Structure formats: structure tokens, C-alpha cells
Amino acid sequence: MTMLRRRLTINGIVQGVGFRPFIYSLARDIGLVGSVYNTSDGVKVELQGNITQLDQFESRLHAEAPPLSTIISVDIEDITAQDDSEFTIVASHDNTSVSTLISPDVALCDDCKAELFEEKNSRYKYPFINCTNCGPRYTIIENIPYDRPFTSMKHFPLCKACHTEYQDPGDRRFHAQPNACPECGPHVWLTDQKGERIESTDPVSKTVELLLVGKILAIKGLGGFHLAVDACNADAVAQLRLAKGRDAKPLALMVRDLATAQTLVYLSQLEIETLGSIQAPILLCTSKLDTNIAPNIAPGNDRLGIMLPYTPLHHLLLSGKLDTLVMTSANFSEEPICIDNDEALTRLADLADFFLLHNRDIYLRTDDSVVMELSGEIRPIRRSRGYAPRPIFTRRKGPSILAVGGELKNVVGLSKDEKVFLSQHIGDLENLEAFEFFKMTIAHIQRIFEIEPELIVHDLHPEYLSTKWAKDQNIPLLGVQHHHAHLAACMAENSLEEPVIGIIMDGTGYGTDGTIWGGEFLVGDPTGFERKAHFEPMPLPGGEAAIRSPWRIGLGYLHQVFGTNLPDIPALKDHDIQPIIQMLNANINSPLTSSCGRLFDAVAALSGGRQEIRYEAQAAIEFMQAAGNRLGSDYSNFEFQQSESEQTISITNVMHDLVQRIQAGKNIESISQWFHYSLIKTFTSISLELSRETGIKQLVLSGGVFQNNLLIEGLQTELNQAGLEVFTHAQVPTNDGGLALGQVIIGQNYLRK
Ligand code: ZN
Ligand code: ZN
Ligand code: FE
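Quick caveat, the model's predicted, so the values are computed rather than measured.

Description of the coordination of the iron ion (ligand 3)
When four donors bind a metal tetrahedrally, each ideal donor-metal-donor angle is 109.5 degrees, and when six bind octahedrally, the ideal angles are 90 or 180 degrees. Looking at the metal site, the iron ion (ligand 3) is ligated by His 482 (NE2), His 486 (NE2), Asp 506 (OD) and Asp 736 (OD), spaced 2.0 to 2.3 Å from it. Coordination at the iron ion (ligand 3) is irregular: its four donor atoms span angles of 90 to 166° at the metal. If you list the donors of the iron ion (ligand 3) from N- to C-terminus, the spacing comes out as H-x3-H-x19-D-x229-D. You can see His 486 sitting in helix H13 (residues 482-493) and its partner Asp 736 sitting in the loop between strand S29 (725-727) and helix H21 (739-752), a full 250 residues away along the chain.

Describing the sheet that holds strand S18 (residues 413-422)
Ordered by their spatial adjacency, five strands build an open sheet running S16-S18-S17-S19-S20, and the pairing between neighbours is mixed. Across the chains shown, the open sheet's two edge strands, defined by having one partner strand only, are strand S16 (392-398) and strand S20 (477-480). Each strand axis lies, on average, 30° off the axis of its neighbour in the sheet, ignoring direction. Bridge count for strand S17 (residues 401-403) against S18 is two bridges, and the pairing is antiparallel. Across the sheet, residue Leu 402 finds its bridge partner in S18, namely Leu 414. Each of S16, S17, S18, strand S19 (455-459) and S20 is contacted by H21, which is oriented at about 140° to S18, the strand it contacts most.

Topic: the coordination of the zinc ion (ligand 2)
Ligation of the zinc ion (ligand 2) by protein atoms is provided by Cys 159 (SG), Cys 162 (SG), Cys 181 (SG) and Cys 184 (SG), these donors lying 2.2 to 2.4 Å from the ion. Coordination at the zinc ion (ligand 2) is tetrahedral, judged from the four donor atoms that bind it and the angles of 103 to 117° they form at the metal.

Quick look at the packing of aromatic side chains
All told, the structure shown has 14 aromatic pairs when counted by the stated rule. Here the aromatic rings of Trp 517 and Phe 529 are separated by 6.5 Å at their centres, their planes lie at 80°, and the arrangement is edge-to-face. Here Phe 529 lies in strand S23 (residues 528-535) and Trp 517 lies in strand S22 (residues 516-525), a separation of 12 residues in the sequence. Classification of Trp 517 by relative accessible area gives buried; the value is 2%. Residue classification places Phe 529 among the partly exposed residues on the basis of a relative accessible area of 24%. Geometrically, the ring pair formed by Trp 674 and Phe 675 is tilted, given 6.3 Å between the ring centres and 50° between the ring planes. Here Trp 674 and Phe 675 have matching classes, each one buried. Cluster of aromatic residues (ring-pair linked, three or more members): Phe 521, Phe 535, Phe 638 and Phe 683. It is Lys 288 that lies over the ring of Tyr 266; its NZ or CZ is 5.2 Å from the centre.

The rules behind the values
Residues numbered from 1 in each chain as written. Chains lettered and ligands numbered in written order. Predicted model: local features only at pLDDT ≥ 70, side-chain atom pairs only at ≥ 80, totals over all residues. Heavy atoms only, no water. Donors = N, O, S within 2.8 Å, 3.2 Å for Na, K, Ca; no water. Tetrahedral: all angles 85-135°; square planar, octahedral: opposite > 155°, others 65-115°. Helix = DSSP H or I, 4+ residues; strand = E, 2+ residues; numbered from the N terminus. Pairing = 2+ DSSP bridges. Axes fitted to C-alpha atoms, helices over the stretch in contact; angles between N-to-C directions. Contact = heavy atoms within 4.5 Å. Phe/Tyr/Trp six-rings, centres within 6.5 Å; stacked < 30°, edge-to-face > 60°. Buried < 20%, exposed > 50% of the residue type's maximum accessible area, 1.4 Å probe, protein only. Lys NZ or Arg CZ within 6 Å of the ring centre and 35° of its normal.

Structure follows, in C-alpha cells:
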């Protein structure tokens, strides 16, 4: 057969992830000669052999690529054959101009795990074992290029043995920047609350002993500290809740292995794969009833957040007497997670009894990610460790944009060409620490991806800290309506460009008219939108403060519909309703909102559900769970009021039907089933009407309310049956954690015009 030579230019996440050694062994395995080398355009591979061999290489390239790599494109050109006799890796002369995509941090791989528990191995029980396929990446990078001197591993010169592995293309630690062993690498130690070292030959076993007697441990991990307690010890869990200022919100668990997880929760095949994935997120899944874990881990919630150990240290902690730990971000309330030893000893002194510290610095705090199977797909609730900073790829190259996100669950986005880099979860921009973290993350991402934004996009809300910060920069600005950003985000991750109908069901978002929106039907694309329909604006007595008291919202909705002639509602009997009614009558401090999240709060509270919430969306979550995953057999229609350009979805007759049901003694289970079905029917009929009017058949669903499984699943089914094509979020959160993606796309379109 004729000898052919081809040059492949491969782009994507292909550096620092074991890509060249993979190419090397693949080419040798197939019997091809040639070379592989890095260039500023990507990894180049020259291959020489017969056509069968070359074709085999291309198919195996995609099928067998290393776990951390992502191939975005392969350009192939035919070139003249040469007289190579073998395949070689050509060392890079300078990698300064190489445009590298940095890998997220990933869970310990099986090979390293095997070595970790192999007594004769030099890294036996070494808490920092890693290789080219696993370990820290994003959290330890200080600058580019991604090389050891620019990471927090710079303090640990490689020993001879590690150096040999690092340099050997045949070794699975070839160019593994965080490579380390007990001889040369980082180590762990234990201290008390004051930072006094507790001498022990085995600090990890000592930690387990302390956990077993009910102590709270602050444990330094990959992207920050966790607070850990024995999950079977209700007293320890209660103490942890008290210390952390978190009285009801569910706490995440880390379990030894899949088998342990299955004693606690029901898992689908998809959920099993997700738990064991290299991202190793916290998975929210349905808990079993008879478990031995403490009842105060997720009170009143039928879901548990579970993750598997993802660092060698976690595996060591869970390999002995303990198989289930509470592992929650080490912070007080909603402050950012702690990352630094001294910072931890100061900030967590009142929270933890002991500290398990190590000396590999964390440069960028990164919380655990949270995902959930909703309507048959795994969807991020919080996209952070394991996912960030892997870019979202857009269809077209665009100008560089900085999107500063919203206020709650803040995530920032920076774009370059066809890539949108979304930051890890920054959190609620409500305290100084979070705001510092926000600014630091923007600077960090700009530096490591070499991005100079031409435009900053911010939310229209004038009071958001992110908006205020954006306005202080010396870069052109664009304010974007909150729900328009939700719509654009869902379009972007589904590669949609033509106008769509957006069903945006959300908590709070600043509208173009200065009122609070949140139950919106928009028609548009990234260049603009029309508000076609929305829920009737309802009063929020007491403003944002009412969000903590769903019964007040319920009362506000009732008052709007029934006026002073309020019906008897058992759930309102125990509340001091007179001051609220006066507030509503006088129309004092009762801003109007079309929010779907608030509608859920109102209905939940009036039906006897949660009256006061202790974490975000608690009333809505419990109300949904009350339905037992079933829709009602009957529903009520919301009525519409048509004005010139938009429809108002009136709440009136649904409130009447609700009151009737409550007074007839229907339980919350049946009311929840009826209410969900009523929303689904209403949303479908509005969608069909808008589709007829505009000719558009593609719909996007976005906004925090679509974390409601019953709603998203039922609505998708109903819309599909009506012949409409439905797109949802699976790459970025449907909540405000996804806003920055939409903001970037809107900004790019704005600059193109
Ligand atoms: Zn490994
Ligand atoms: Zn070493
Ligand atoms: Fe939102």
C-alpha cells in the first residue's frame, strides 16, 4: 500500500491532560511513524502510514482520548511523505504563545486509587497522589502557562523518582504538574482550635477518631475547607448547624462508595454514572426512609445531597470505621468558603473543634458542584468544582465580553472567540467577602485566559453589587434585562439562533418598567425581546422581607383578589395578619411582582405548607414534594387579560378555586397536584397561542422555578404533545448561576450590530 503522510491540527483541552503521551502510544500501537508537537494553533500530529492505519488513528483518537481532554476540532491536511523510522514527541521550544484551555479539578482516578491502597507502593496512603488523569488543576493555577512554577506546587521541587516519571512519555505521570510523593510533596497535619499542632504519626486516623466521638473537623480539601461530622451523630450535626448558622437547609454527605450511597438513596443509572464521574458533584437524589443517618441532615426534605470521595484524603478518611460524613462548605452562613490555613483558623475558630490542614495552597476557592436529575437529564444547580473553567462553546466567534451575572448565586463569564468561560460559583453578593471573591475571580480569569473584555454586561437592577461594580470600570457597558439573559443563556447552550418563545419562570428580576418580574413569556433572541405575557402583578407586603414569610405573600395575594372581604383560611389563623392588611390597604411598602416563585410561595403557604422559610425556596420545594411526584386529574384555567401588546395572566379565578379547595378540606398533596397541573395547562395554551401568532415552534424554559421536577417534566411532555420543540438547561444552571452565559451572548450580539 502507498505510504501517506498527514498533518492533524487538534484544538480543545489538549495540553496538561496527557494528550501527547496518548498520541504517542496510539501512533506506536497502530504502527504509524511521525511526530507530535505543541504549537500556538494547537497540538500538531504528523502521521505516516497506509490509509487503513491513518483511518484507524482518527477514529481511535476520538474514542480513546484521555478523560480530561476535550477535542473541539481536528484539521487534516495531506503532506509529503518523509523517511521517519519511528514516532516521537518533539519537545516544545517555547510554550508562551500556546493558547491553553485549563482543565477543571477532577476526582482521583482508579489507577491512583489502587496505588493509594497498595501497601508496597511508595505513595501508599499518601493524601496527595495524582497523575495526568486526575487531581487538582484550576484551583492551584496562579498564572499561565500551566506549568509547575506557576502553580501552588512551585514550593515542592520534584524528587528524583517523581522527576523521572514527569519526564517519561511512557509514564502515566508524564507532565503531571501536581505530581508528588511523600518524599517531595505536600503533607497533612492536625491542629486544635488554636492552631496548636497535635502530634500524631497518622493525622488522618486521628481525625477519624475525633469524628467518631462527635467532634467537628475543618478539613482542607481541593477547592476549600469542609466542615465535617459523623453523619450518624445527630448531636454533632445539631452542633454543626448551630455553629454554621444554618438551621434547616440540607447538608451534603460524602459516602465511602456507591454501595454505601445505595443504602441511603434511590439511584437511576444516570445518577450512578454521575456520582462516579470525574466531576464527582453533589447529587441531589431521593432518600430512602429507613437509614441510620441523623434525621437533622435534611429535615422535611425528601432529597439528600450525596457525593463520593474525590481526593485521596477523602478516600483515606472514609476507608476505615466511618462510611458517611457530613461534608459542608466551611463558612458561616452564605460567606465564601475558606481556603487558606490562617484564614481558616481565624474564621472557623468558633465553628470547628479541630483542623486537618495541608500545605498545598489553594489559589482559587471552588465549592462543590451540585447537580440533579430532572426530567430525565442531569442538570447543574451549582456549576463549580469539576466543571469550571471548562468553556461553553458557542456557534460563532465573538468579541470578548465580561458578564458580571446577577446578585444571588453569582457566576461571572468571560468570553474569547467561540468560548465562554464561566467562573466557579461565587455565591450571594451580599457580604464583603463575597464581593472580594467576585472581584478576585474576574481578575484571575482575565489573567489565566488572557482576556481583555471590550464590553461589560450587567443586570438592569441598579442595586446589585455586580451592577455597581460594572459601572465603576472604565469599559463600555450594557445593561441587560434579567429574564432576557435567562432566555439567551438557554438559547446559547442549545446552539439556537433564530427567535424563540421563552417561558421564564423565576424568583426575582428587575423589569424594564422598574417593577419586579419573574413569571414571563418572552419572544426574542439575543438581539432583543418582547414581553408577550406575564403573571398579574401582585403585592409583596413588606417588600423583599416578605420572601422569608410565605404566609405574608399568601395574604397579599388573597387581599389582591378578595379585597377586605377575606375568606377564612386555616393556615392564616395563627398569624398576626392585621398589620399586614393595613399595609396592603394603605399600599405601603408593597411593591408589585409578577414572579412565579412568589406565586408558589403564596399557594404553598395558604394550603397549609411552610409559613416561614429558613432557606431559599423552602416553601416551594416542600409544596412540590407534597405532590408525591404526581399531577392532578383536574386543573383550573388562569384567565387572560389582553392589552395592546401583552397578556396578563390573571390570578383571580385560580385563587378562588384554591380557596374553595382549602375550605373543602382538601389536603396539600391534592392541592399541589392540582396547582402544578393548572400551571402546565396554562403555560401550554399560552405557548400555543404565541406560536400561532409568531410562527415560532421552538421554546426555551429557564429561570429558577424550573428546578421543580414536577413542573418541568409535565410541561415538557405537554408542550411536546402540542407539537412544540422544547429546550432546557443541562450545561448551566436554570437559576441565576446561568445568567452570565446569556449576558455574554447578548453583549456579543450588541457589539456585532
Ligand atoms: Zn490518577
Ligand atoms: Zn517525589
Ligand atoms: Fe433569575
